Amino acid sequence: MSEEVTYADLKFQDSGKKENTQEFGNFGIKVPPAPPHAWRQRALVLTLLCVLLLIGLGVLGGILVEKLNKLQNFNEELQRNVSLQVIHDMNSAKKIGNLSITLQEIATKLCHQLSIEKPEHKCKPCPKNWMWHEDSCYIVIKLPETWQKSDMLCSAQNASLLKIKNKSVLEFIKSRKIYASWLGLSPRKTHTVSRKLDETIISSDWFTRNTNDLNDSMYCGYLYNNRVNYADCTETKRIICEKLADPMKIEDILTSEEPAGRM
């Protein structure tokens, strides 16, 4: 029992010596703890570094924002310039289109005058033997045919039976004194009384449907003495075909040679 107490006392004494030894330096001098103001200096330095870092980040952010604003302004300016260029190009194209239309109208008028004064001139927007009026060509085929056959003959020449839809064409047809010729009016199932040609202009009866619907009991309109009459579609009468005239060009007016092979 006495031996155990002695060992514990020795161990306690040794641990006390170690604690006392730690309080002294290498030369046996006691090392004092770090003063509080040293920690404050270190904290202050760290704080200053953080502040400087934040300032640097703020400066970099400002530079970045400025660059982005300049880039956005440049992009907006570029878009404005592109839009202005597109508008300018559209206006130029419109002016060119209007100029082209004006030149074509002038060429058409000059060509019409030349065709009257010099029948041999090349300026001929219509095939040979066709009559020219405004923007259309007309031909009277004196060989009598049924209405359906007449419509097919006109189609074979890229034309259609005559449709009078305005006063100008009406006066032109009246001046030609065309008689007993089929018109491009829709066939009817019942006979219709004669009408003045002037009243037919505003009519919605101008032919638009397929001729395959025709049968022997239908009536078709024809021109006679400036009036529209109806007769059995199987009867035979003269034919008036019409089609669009070729567009005129300035170069067509500058030569007096007649085009070869135009029919």
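Report on the accompanying structure. Keep in mind it's a predicted model, so treat the numbers as computed, not measured.

Cut-offs used in this document
Residue positions are counted from 1 within each chain, in the order its sequence is given. For this predicted model, a pLDDT threshold of at least 70 governs which residues receive local features, and a threshold of 80 or more governs which side-chain atom pairs are given and counted, while totals over whole chains, interfaces and linings are taken from all residues. Note that the side-chain values use all heavy atoms of the structure and ignore hydrogens as well as water. Note on pairing: two strands pair once DSSP finds at least 2 bridges between them. Helix numbers and strand numbers start at the N terminus; a helix is a DSSP run of H or I with at least 4 residues, a strand a run of E with at least 2. In this analysis, rings of Phe, Tyr and Trp, with Trp reduced to its six-membered ring, are considered paired at centre separations within 6.5 Å, and the interplanar angle assigns stacked below 30 degrees, edge-to-face beyond 60, and tilted for intermediate values. Residue burial is assigned from relative accessible area. The probe radius is 1.4 Å, only protein chains are included, and a residue is buried under 20% of its type maximum, exposed over 50%, and partly exposed in between. By nonpolar core is meant a set of buried Ala, Val, Leu, Ile, Met, Phe, Trp, Tyr and Cys residues that side-chain atoms within 4.5 Å join together. It only takes one pair of heavy atoms within 4.5 Å for two residues to be counted as in contact. Note on disulfides: each one is a pair of cysteine sulfur atoms within 2.5 Å.

1. Things to note about the pairing of strand S8 (residues 237-244)
- Here seven bridges tie strand S2 (residues 136-145) to S8, and the two strands are oriented antiparallel to one another. Looking at the pairing, Ile141 lines up with Ile239 of S8.
- Pairing of strand S3 (residues 160-161) with S8 involves two bridges; the strand directions are antiparallel. Bridge pairing in S8 links Ser160 to Glu242.

2. Structural notes on the packing of aromatic side chains
- Evaluation of the coordinates by the stated rule reveals three aromatic pairs.
- Ring centres 6.1 Å apart and planes at 65° place the aromatic pair Tyr179 and Tyr224 in the edge-to-face group. Taken together, the residues Tyr179 in the loop between helix H4 (167-176) and strand S4 (181-182) and Tyr224 in strand S6 (residues 219-224) connect sequence positions 45 residues apart.
- We classify Tyr179 as partly exposed; its relative accessible area is 39%.
- Pairing Trp182 with Tyr222 gives two aromatic rings, centres 6.1 Å apart and planes at 85°, and the pair type is edge-to-face.

3. Some words on the nonpolar core
- Of all hydrophobic cores here, the largest spans 21 residues; its most connected members are Trp130 and Cys241.
- Residue assignment for this core shows that the elements contributing at least two residues are S2, helix H3 (147-156), S6 and S8.
- Ranked by residue count, the leading element in this core is S2, at three residues.
- Ignoring sequence-local partners within four residues, the contact set of Trp130 consists of Cys137, Tyr138, Ile139, Gln157, Ala159, Cys241, Glu242 and Lys243.

4. A short note on the state of the cysteines
- Tallying each qualifying case throughout the model produces three disulfides.
- There is a disulfide in this structure between Cys154 and Cys241, and the S-S distance comes to 1.9 Å. For the disulfide bridge between Cys154 and Cys241, the dihedral angle about the S-S bond is near -80°, and by the sign convention the bridge is left-handed. Of this pair, Cys154 sits in helix H3 while Cys241 sits in strand S8, placing them 87 residues apart in sequence.
- Among the residues examined, Cys241 registers a relative accessible area of 0% and is labelled buried.
- The disulfide partner of Cys220 is Cys233, and the gap between their sulfur atoms is 1.9 Å. Every disulfide takes its handedness from the sign of the S-S torsion; for Cys220 and Cys233 that torsion is 100°, giving right-handed. Separated by 13 residues along the polypeptide, Cys220 in strand S6 and Cys233 in the loop between strand S7 (227-232) and S8 bring together distant segments of the chain.
- With relative accessibility at 5%, the residue Cys233 sits in the buried group.

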